[in-house]
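# Architecture and fold: a report
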Amino acid sequence: KAKDKGKNQYMFFNKSMNQEIYDRMYIHNNLRTALEENQFQLHYQPQIDSKSKKVIGFEALIRWETEEFGFIPPLKFIKIAEESDMIIKIGNWILKEAAKFSKEINQYNKDNYIVSVNVSSVQLKQDNFVETVKKIIKEAGALPKNMGIEITETSLMDNFESNANKVKKLRELGIKVALDDFGTGYSSLNYLRQLPINILKLDKSFIEDLLKNNNIYNLTEDIILMSQKLGLTVVAEGVEMKDQFDLLSNYNCDIIQGYLVSRPIPKEEAVKFIGPEVEFLI
Ligand code: C2E
Ligand code: MG
Ligand code: MG
Ligand code: MG
């Protein structure tokens, strides 16, 4: 009888639940090895000036390719890494790689490119976060002014005062700080006014609705105008279509990022976009 019951209980544990738990366990158990065995890679997505159509910088995005499952999306494994101290180790590796890339692309150029890194709320929460960032950039031989940090609205808003203070310190070092995914979180204009950030990144869900929804269309123009009044640089992410580009460019959105320009690519390909002669034909 007990055996039958156990069997029934197991049946509740259906195939898709099983798969999800298995995936989580796989990721959890393999993050450390992945880091130690160099399975992570950073890809870089170019960002261009909407007027000159020249590259002004890159966003670093992590990639993990496994033998068993191919590429695992960052949104899936970052969340699991955040449940242990692995996000700190992986986060430091990301910063170091990106800083080395920043040094590499800036040393022969009179133009200053910015390499931006996404930072998890767990990293930001560390007491020594600012010191760590400073140290990693210095050890890589990069300059703080050629580095950017992207923080989502949601992670910035939890523990606002302490985080705002850290952001202020990063800025004092010369690092550019971007508010990522703007429009998906609290979107409080009052907070925005108080934030010591340099850059506002319009979330790609905004850009997706731009041509479909009149309210979004009008709102986007207002957000861009308001941001510029606050002295912020505005980046549109997820720009896939020429029509979106034209609209954003008309609204004086400063920087464009998205598949229309390029997908995130390995550094060997990204360096080909460097140099004053490279201009995108959009
Ligand atoms: P995010 O920082 O907002 O990054 C932008 C995401 O949009 C990236 O997805 C990028 O590949 C994608 N994207 C760029 N242009 C387009 C476009 O035109 N159309 C569409 N549909 N998508 C576009 P990805 O690389 O899968 O990363 C997803 C999220 O995972 C990131 O969102 C970020 O929150 C997180 N993430 C990625 N890399 C890192 C990392 O190195 N560290 C941390 N902490 N988080 C990361
Ligand atoms: Mg980002
Ligand atoms: Mg974003
Ligand atoms: Mg996003």
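Structural data are supplied above this passage.
Residues numbered from 1 in each chain as written. Chains lettered and ligands numbered in written order. Predicted model: local features only at pLDDT ≥ 70, side-chain atom pairs only at ≥ 80, totals over all residues. Heavy atoms only, no water.

## Topic: the site of ligand 1
Residues in contact with ligand 1 amount to 21 residues; listed here are only the nearest, Arg63, Asn118, Asp180, Glu240 and Tyr259. Within the side chain of Asp181, a nitrogen or oxygen atom sits 3.0 Å from an oxygen atom of ligand 1. A distance of 2.5 Å separates a nitrogen atom of ligand 1 from a polar atom in the side chain of Glu240. Expressed as a share of its isolated accessible area of 800 Å², the protein-covered part of ligand 1 is 85%. Using a 2 Å cut-off from the grid points, one finds that ligand 1 occupies the largest pocket. Taken together, the elements giving at least two residues each to the shell around ligand 1 come down to strand 2 (55-66), helix 3 (74-81) and strand 6 (176-182). The dominant element in the shell around ligand 1, judged by the number of residues it contributes, is strand 2, at 4 residues. A per-class count over the shell around ligand 1 returns 9 nonpolar, 5 polar and 7 charged. (Near = heavy atom within 4 Å. Polar contact = N/O pair within 3.5 Å; in protein donor to acceptor, adjacent residues only side chain to side chain. Areas by Shrake-Rupley, 256 points an atom, 1.4 Å probe, with all protein chains shown as cover. 1 Å grid on protein atoms, 1.4 Å probe; cavity = no way out; pocket = protein on both sides within 12 Å on 5 of 7 lines; lining within 4 Å. Sits in = over half its atoms within 2 Å of the grid points. Helix = DSSP H or I, 4+ residues; strand = E, 2+ residues; numbered from the N terminus. Nonpolar A, V, L, I, M, F, W, Y, C, P; charged D, E, K, R; others polar.)

## Things to note about the coordination of the magnesium ion (ligand 3)
Distances from the magnesium ion (ligand 3) to its protein donors, namely Asp180 (OD), Asp181 (OD), Glu237 (OE) and Glu237 (OE), fall within the range 2.1 to 2.4 Å. In primary sequence terms, the donor set of the magnesium ion (ligand 3) follows D-D-x55-E. Separating the magnesium ion (ligand 3) from the magnesium ion (ligand 2) is a distance of 3.8 Å, and Asp180 supplies a donor atom to each of them. You can see Asp181 sitting in strand 6 and its partner Glu237 sitting in the loop between strand 8 (233-236) and helix 12 (242-250), a full 56 residues away along the chain. (Donors = N, O, S within 2.8 Å, 3.2 Å for Na, K, Ca; no water.)

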